[in-house]
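Structural overview
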Amino acid sequence: MAFNDLLLRSINGEKVERPPVWFMRQAGRYMEEYRAVRKKVTFLELCKNPDLCTEVTLQPIEAFGFDNAILFSDILIPIEPMGVKLDFNPAPVIANPVRTLADADKLREINPEQDVPFVLETVRKLVKALDVPLIGFSGAPFTLASYMVEGAGSKNYEHIKTLMHTEPTAYRVLMEKLANSTLKYLQAQIDNGAHVVQMFDTWAGVVSHYDYEKFIFPYVQYIADNLKGAPLIYFAKDAFSFFDVIGKLNCAGMGVDWKTKLTDADERLGKGKFALQGNFDPIQLFGTKESIKETAEKIIEEGKTLKGHIFNLGHGIVPATPRENVDYLVKVVKGEA
Ligand code: CP3
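Presented here is a report on the structure given in the accompanying data block. (Residues numbered from 1 in each chain as written. Predicted model: local features only at pLDDT ≥ 70, side-chain atom pairs only at ≥ 80, totals over all residues. Heavy atoms only, no water.)

**Regarding unusual backbone geometry**
- A cis amide bond, omega -15°, links N89 with the succeeding residue P90.
- Relative to the helices and strands, P90 resides in the loop between strand 2 (86–88) and strand 3 (92–94).
- With an omega of -15°, the peptide bond between G278 and N279 qualifies as cis.
- A positive phi is found at R25, a non-glycine position, where the angle reads about 65°.
- On the secondary structure map, R25 appears in the loop between helix 1 (6–11) and helix 2 (32–38).
- You can call R25 exposed: its relative accessible area is 55%.
- One non-glycine residue with positive phi stands out, namely Y157, at about 55°.
- Structurally, Y157 can be placed in the loop between helix 9 (141–150) and helix 10 (158–166). (Helix = DSSP H or I, 4+ residues; strand = E, 2+ residues; numbered from the N terminus. Buried < 20%, exposed > 50% of the residue type's maximum accessible area, 1.4 Å probe, protein only.)

Here it is as structure tokens:
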């Protein structure tokens, strides 16, 4: 079969016959094929096994015909070699959170070839196996820092905000190490064949506009400015209020979460600057087929007014999602239902 380059054309703002479609977290527990693999290994063992990672990356492509694959891994995989003790059960837990300048000083920047060779091997295997583009990914520095400082997901983000506002040097040391590690990590994925990379800033939305601009955005911009050889998509969740700042980012694609209208996002980012990716509410996949189709068609219509539109969910798919509705939504976007 010919290589499906819909995603690449769309992200570059070229005319396309329909939007490409993929879902964040498209490989995962809502698929019985994934659960069967997970029965045999822990999540961390899975992430470090290139054959199994390749297998689960391909599962949703085969099952639903998505227009691209996303590397199977987790955003936290590259922080383990920086010096944190990481576990998943299933949410991430870090046994030695970073709370002081001394803690931040002890961390080291990663060297992807030495520290996460299994990720790069997975990328190479996937590029050989696929006839669709491969998206590589990372966490963004602040989201990774939040996990490292809080030690887990958090309600009020007290530890990271305290560090930011009482120990700016410790915060800066941590963020610089994360920005450099993330840049090298994404660049290594591109150098090994990833066609596009996405940076997930899942927790960016927990800070004020002032803090986003001062403490988060400069590190994202540093990565975007220095990455070479493939388009970057930045996905910051709950971040519409920062889109005036984010509009200055030097990248091709912008993720939009499910609370924001695509056309409003485009206006606040700067009309026509980015290809937008999104933004179907993942929980609406529990709805009826009629409701799914109605919303999907609205999103597709709005997408036609943009520089480019990549159809996606507005956040990751959740484990209890009915599989037949995933199949249905993909067919709606492809004009087959
Ligand atoms: O999209 C894909 O198919 C690629 C795989 C992928 C995973 N995590 C697999 C995973 C990607 C891109 C991620 C990114 C990720 N991980 C993010 C950013 C995106 C987002 O959803 O906001 C974040 C914040 C994480 C951190 C993380 N990893 C959490 C909070 C959890 C547990 C939550 C849950 O769903 O239970 C994980 C574990 C994880 N990452 C699983 C998968 C398939 C479940 C692990 C299992 O099989 O038990």
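**Here's the deal with helix 16 (residues 323–333)**
- Those residues of helix 16 that fall on the buried side of the exposure criterion are N325, V326, Y328, L329, V330, V332 and V333.
- In the core, the buried residues of helix 16 are packed alongside helix 4 (50–64), strand 8 (275–280), helix 15 (289–303) and strand 9 (309–313).
- Looking at the residues trailing helix 16, positive phi occurs at G335, about 75°. (Contact = heavy atoms within 4.5 Å.)

**Digging into the nonpolar core**
- Within the largest apolar cluster, 128 residues are counted, with the highest numbers of intra-cluster contacts made by F23 and Y234.
- Broken down by element, this core gets its largest block of residues, eleven residues, from helix 11 (residues 168–191).
- Setting aside residues up to four positions removed in sequence, Y234 forms contacts with A140, M199, D201, A204, Y212, V220, I246, L249, C251, G253, M254 and G255. (Core = buried A, V, L, I, M, F, W, Y, C linked by side-chain atoms within 4.5 Å.)

**Remarks on the site of the ligand**
- In the vicinity of the ligand there are 23 residues, among which R25, R29, Y34, D74 and H315 approach most closely.
- Contacts to the ligand include R25, whose backbone N or O atom sits 2.7 Å from an oxygen atom.
- R38 is positioned with one of its side-chain polar atoms (N or O) 2.7 Å from an oxygen atom of the ligand.
- In the complex, 91% of the free accessible area of the ligand, which totals 880 Å², lies under the protein chains. (Near = heavy atom within 4 Å. Polar contact = N/O pair within 3.5 Å; in protein donor to acceptor, adjacent residues only side chain to side chain. Areas by Shrake-Rupley, 256 points an atom, 1.4 Å probe, with all protein chains shown as cover.)

**Some words on empty space enclosed by the protein**
- Evaluated as defined, the whole model comprises one cavity of 30 Å³ or more.
- The computed volume of the largest cavity comes to approximately 50 Å³.
- Looking at the largest cavity, the residues that line it are I75, P78, I79, M82, S138, G139, L144, L178, S181, T182 and Y185.
- Looking at the lining of the largest cavity, the elements that each hand over two or more residues are strand 4 (134–139) and helix 11.
- Of the residues forming the lining of the largest cavity, the biggest block, four residues, is contributed by helix 11.
- By residue class, the composition of the lining of the largest cavity is seven nonpolar, four polar and no charged. (1 Å grid on protein atoms, 1.4 Å probe; cavity = no way out; pocket = protein on both sides within 12 Å on 5 of 7 lines; lining within 4 Å. Points joined across faces, edges and corners; volume = space filled by probe spheres on them. Nonpolar A, V, L, I, M, F, W, Y, C, P; charged D, E, K, R; others polar.)

**With respect to the packing of aromatic side chains**
- What the rule picks out here adds up to 15 aromatic pairs.
- Between F240 and F243, the aromatic rings sit 5.8 Å apart at their centres with planes inclined by 65°, giving edge-to-face as the arrangement.
- Judged by relative accessible area, F240 falls into the partly exposed class, the value being 31%.
- Through successive ring pairs, a cluster of aromatic residues spans F23, Y30, F64 and F66.
- For K289, the ring lying beneath its charged end belongs to Y328, and the centroid distance is 5.6 Å. (Phe/Tyr/Trp six-rings, centres within 6.5 Å; stacked < 30°, edge-to-face > 60°. Lys NZ or Arg CZ within 6 Å of the ring centre and 35° of its normal.)

**Quick word on the pattern of salt bridges**
- For the structure on display, the rule yields 20 salt bridges.
- Between D67 and R18 there is a salt bridge; the shortest N-O distance is 2.8 Å. Of the two residues, D67 sits in the loop between helix 4 and strand 1 (69–70) while R18 sits in the loop between helix 1 and helix 2, which places them 49 residues apart along the sequence. This pair shows no difference in class: D67 is buried, exactly as R18 is.
- D327 is paired through a salt bridge with K331; the nearest N and O atoms lie 3.0 Å apart. (Salt bridge = Lys/Arg side-chain N within 4 Å of Asp/Glu carboxyl O.)

**Here we look at the pairing of strand 6 (residues 232–236)**
- Taken across its five residues, strand 6 has five buried, putting it largely inside the fold.
- Along strand 6, one buried face is formed by L232, Y234 and A236 and the opposite face, lined by I233 and F235, is buried too.
- Sheet topology note: the strand 5 (residues 196–201)/strand 6 ladder contains five bridges and is parallel. Looking at strand 6, one finds that Q198 is bridged to I233.
- With helix 12 (residues 209–226) bridging strand 5 and its parallel neighbour strand 6, the resulting β-α-β unit is right-handed.
- Across two bridges, strand 6 lies against strand 7 (residues 253–255) in parallel orientation. Paired with I233 across the strands is G253, a residue of strand 7. (Pairing = 2+ DSSP bridges. Right-handed = clockwise from strand over helix to strand, strands pointing away.)

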